[in-house]
Every structure is written in C-alpha cells, then in structure tokens.
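Structural characterization, general
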Amino acid sequence: MTEFVYKSKNAVVVYKPAGVPSQSDMSGDSDALTLTSQALREMGEDGTLYLVHRLDRVVGGLLIFARNKKSAAALSALVSGEGVGKTYLAVISGIVPCGIMRDYIYKDSKIGKAFTVDKARAGVKEAELYCECLDSVSVGGEVRSLLRIRLKTGRFHQIRVQLASRGAPIVGDGKYGSRDKGCRMPALFAVSVSATALDEKIEATRFPPLDEYPWNLFGKDKYVL
C-alpha cells in the first residue's frame, strides 16, 4: 500500500495513499510506517524506521522516514526548524487571494478540529504558508481552483483550516465545510519533499492521480512544481 519514491542508507521517502495512517493508531488499520518497514524486510534490508513528520490520515502524498538514529535526529531537527521543504497541491471550491497566508490556529483536541482565531493566547500557534493558483475552471456553475502550496509551519490541519477560513474549503473535506461529494477524501496531496541531512540531499516528487476527480479537471500541463 506504500510505494518507495526515494531510498538510501539514511532515509526513505514513500508515497502514502489517502486513508492510510502515517503510524499505528487506535484503529488498528495498516499504517505507512509498519508497511514500509515490512517492505524493507521483504527486500532483505533492515526494516528499522523512525517517523520524523506526519501526514493527516485523509491526506495522500510523500512521507520521509529515517533509517537510523543519527539521521532521525538530523531530520527531526530540520522539521522543527522548518528545514524540510514540503509542497502540496490542493483543489478548492472557489478562488482565494494567493500569496502569503498567516493565521493564528487553535487546535481543539476534543473534537479533532482546528480553528483560526483573532489573536495569540494559550494553546494558539501562528501558522504561515504560501500559495499560488495554477488554474481555475467552472464545474456546473461553481469554480474549482488548483493551488500549489508551500508550508512554512506545520500545524494541525493547517492547510485545510487556513483555506476553509477564507471561504474556500478543499474539495472533499467535509470536516471543514466542503459540500462536494465527488471525492471521499480531501483533494490535498503532498507532492514533493526535500531536505539535506548528513551531507545527503533528499528529494522526491510524486503527483496525485491525475485521472481521478477532482485532479482531472485540469490539464496535465498545469501540474508544475
């Protein structure tokens, strides 16, 4: 269920499908960390892996796993210090003013949802991203826009809540207000990751399924990094 996109002695980058947890959780469902470890062992390699960042269960795309303690420490430090480049693609309902988006975000752990708030206070974190509109189309009288997003911070549900707070929820993201039933998971995809750790440049890219809705609304030439 996971697919290797990059592999070295220090790290692997895998494609995680939407619906698969990044690591084991209370659901008991197969998770990306365990599946990747098993795949390495089946290849006759050491299956030891360390999680250094996560993707929401409902979000597909690329994950980096460290393969030893030294690389785990180096990559974890990069993640916390914004040293891992992460680019996403998203399809939203409507149009948003693109550029830098800054918000204060509060995570309500009881309901597993985040909210934007007016000012800093206990439990609130600042969130920042940069987005560009790659294309917009009309579907049944409604606008759908393809965005390229680069994260500066990595907050809980950050992209989903920042876009929804501007009246442009990600298509398929019913949790944050999407009424589009054409896809069962949010149209949000971690398309590329990059980092330099232990003198190794880690880079990987994988596009979402461009033949599936809503990605198929846009010409393939619109999908650029």
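The shown structure was predicted, so the numbers you read here are calculated from the model rather than taken from an experiment. (Residues numbered from 1 in each chain as written. Predicted model: local features only at pLDDT ≥ 70, side-chain atom pairs only at ≥ 80, totals over all residues. Heavy atoms only, no water.)

Quick look at the overall build of the chain
The condition is simple: Going along the chain from the N terminus, every DSSP run of H or I of four or more residues is numbered as a helix, and every run of E of two or more is numbered as a strand. As a reference, a globule follows 2.2 Å times the number of residues to the power 0.38, and the radius of gyration itself is taken over C-alpha atoms. The classification of residues rests on relative accessible area computed with a 1.4 Å probe and restricted to protein chains. Under 20% of the type maximum is buried, over 50% is exposed, and intermediate values are partly exposed.
The helix and strand inventory of the chain stands at three helices and 11 strands. When the helices and strands of the chain are listed from N to C terminus, the series reads β-β-α-β-β-α-β-β-β-β-β-α-β-β. Taken over C-alpha atoms, the radius of gyration comes to 18 Å for the chain, in line with the 17 Å a tight globule of 225 residues would show. Overall size of the chain, expressed as C-alpha extent along the three principal axes, is 55 × 45 × 35 Å. Taken over 225 residues, the chain has a buried fraction of 46%.

Thoughts on the packing of aromatic side chains
Note the following rule: Pairing of aromatic side chains here covers Phe, Tyr and the six-membered ring of Trp, requires ring centres within 6.5 Å, and sorts the geometry by plane angle: under 30 degrees stacked, over 60 edge-to-face, intermediate tilted.
With the rule as written, the count across this model stands at three aromatic pairs. Plain terms: the ring middles of F207 and Y223 are 6.4 Å apart, the flat faces sit at 85° to each other, and that makes the pair edge-to-face. One end of the pair, F207, is in the segment after β11 (200-205); the other, Y223, is in the segment after β11, with 16 residues separating them in the sequence. Given a relative accessible area of 28%, F207 falls into the partly exposed group.

Some points on the pattern of salt bridges
Let me state the cut-off plainly: Any Lys or Arg side-chain nitrogen found within 4 Å of a carboxyl oxygen on Asp or Glu counts as a salt bridge.
On inspection of all chains with the given rule, the structure shows 15 salt bridges. Between E128 and K152 there is a salt bridge, with its nearest N and O atoms 3.9 Å apart. Of the two residues, E128 sits in strand β8 (residues 124-139) while K152 sits in the loop between β9 (142-151) and α3 (158-164), which places them 24 residues apart along the sequence. A residue is classified by how much of its surface remains accessible, and E128, at 14% relative accessible area, is buried. Among the ionic pairs, K201 bridges to E203, the shortest N-O distance being 3.8 Å. Relative accessible area serves as the criterion here: at 53%, K201 is assigned to the exposed category. Owing to a relative accessible area of 49%, E203 belongs among the partly exposed residues under this scheme.

Description of the pairing of strand β6 (residues 99-108)
Worth spelling out the cut-off: Pairing between strands requires that DSSP locate at least two bridges from one strand to the other.
Two strands pair when backbone bridges link them, and β6 and β8 are joined in this way by eight bridges, in the antiparallel orientation. Looking at the pairing, M101 lines up with L129 of β8. Two strands pair when backbone bridges link them, and β6 and strand β7 (residues 113-117) are joined in this way by five bridges, in the antiparallel orientation. Bridge pairing in β7 links I105 to T116. Between the antiparallel neighbours β6 and β7 lie four residues, among them G112 with a positive phi of about 60°.

Concerning the state of the cysteines
Stated formally: Throughout, disulfides are identified as pairs of cysteine sulfur atoms within 2.5 Å of each other.
All told, the structure shown has zero disulfides when counted by the stated rule. For C131, which is in no disulfide, the shortest distance to another cysteine sulfur is to C98 and amounts to 3.5 Å. What makes C131 buried here is its relative accessible area of 1%. C133 supplies the cysteine sulfur nearest to C183, a cysteine that is in no disulfide, at a spacing of 17 Å. Accessibility expressed as a relative area gives 15% for C183, which makes it buried.

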